[in-house]
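Next come the chains, spelled out residue by residue.
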Amino acid sequence: GFAHLAAGLAAGLSCLGAGMAIGIVGDSGVRAIAQQPKLFVGVILILIFGEALGLYGLIVALIMTSKPNPGCDSA
């Protein structure tokens, strides 16, 4: 029922946010690295944290779909 809808929304919206974050940081990061190459490691770390946002959404979605539905009897 609605648990699958909520799981899909959780995964989709978190991945959408992660994609937007990665796109913005990637664009700004490439421009910054072109001026100061020592910023490379910092930009990569920020990209990793942005990707973790999407991964957390996927984990939440998997947890939401794996819980048994209390309204159904699966006997």
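Structural data are supplied above this passage.
On a predicted model such as this, the values are computed, not experimentally measured, just so you know. (Residues numbered from 1 in each chain as written. Predicted model: local features only at pLDDT ≥ 70, side-chain atom pairs only at ≥ 80, totals over all residues. Heavy atoms only, no water.)

Enquirer: Report on the overall build of the protein chain, specifying residues and quantitative values.
Expert: Each helix and strand counted, the protein chain has 2 helices and 0 strands in total. A compact globule built from 75 residues would reach a C-alpha radius of gyration of about 11 Å, whereas the protein chain, at 18 Å, exceeds it by more than 25%. By its C-alpha atoms, the protein chain is 65 × 15 × 10 Å across when sized along the principal axes. Residues counted as buried form 13% of the 75 residues belonging to the protein chain. (Helix = DSSP H or I, 4+ residues; strand = E, 2+ residues; numbered from the N terminus. Rg over C-alpha atoms; globule rule 2.2 N^0.38 Å. Buried < 20%, exposed > 50% of the residue type's maximum accessible area, 1.4 Å probe, protein only.)

Enquirer: Before we move on, could you go through the pattern of salt bridges and cite the residues and values that matter?
Expert: Oppositely charged side chains can form a pair if their charged atoms are brought close together. According to the stated counting rule, one finds 1 salt bridge in the structure shown. D27 is paired through a salt bridge with R31; the nearest N and O atoms lie 3.0 Å apart. Placement of both D27 and R31 in helix α1 (residues 2-35) is noted, with a separation of 4 residues, approximately one turn of the helix. What makes R31 exposed here is its relative accessible area of 57%. (Salt bridge = Lys/Arg side-chain N within 4 Å of Asp/Glu carboxyl O.)

Enquirer: Go over the environment of G54 with me, naming the residues and quoting the values.
Expert: Within the secondary structure, G54 sits in helix α2 (residues 40-66). Along the primary structure G54 and A32 are separated by 22 residues, whereas in three dimensions their C-alpha atoms are 24 Å apart. When near neighbours in sequence (up to four residues on either side) are disregarded, G54 contacts S14, C15 and A18. (Contact = heavy atoms within 4.5 Å.)

Enquirer: Run through α1, naming residues and quoting values.
Expert: Between the first and last C-alpha of α1 there are 49 Å, a value that for 34 residues agrees with the 50 Å anticipated at 1.5 Å per step. The complete set of buried residues in α1 reads A7, A11, S14, A18 and G29. Residues of α1 that are buried sit in contact with α2. (Expected span 1.5 Å × (residues − 1).)

Enquirer: Before we move on, can you summarise the packing of α1 against α2 with the specific residues and values?
Expert: Packing of α1 against α2 leaves a shortest axis separation of 8 Å and a crossing angle of 175°. As far as their axial angle goes, α2 and α1 are roughly antiparallel. For the contact of α1 with α2, the per-class residue count stands at 19 nonpolar, 9 polar and 1 charged. (Axes fitted to C-alpha atoms, helices over the stretch in contact; angles between N-to-C directions. Parallel < 35°, antiparallel > 145°, perpendicular 65-115°, else oblique. Nonpolar A, V, L, I, M, F, W, Y, C, P; charged D, E, K, R; others polar.)

Enquirer: Please set out the environment of V43 residue by residue, giving values where relevant.
Expert: Inspection of the secondary structure assignment puts V43 in helix α2. Separated by 17 residues in sequence, V43 and G26 place their C-alpha atoms 7.7 Å apart. Setting aside chain neighbours within four positions, we find V43 in contact with V25, G29 and I33.

Remember that the coordinates give geometry; whether it matters functionally is a separate question.
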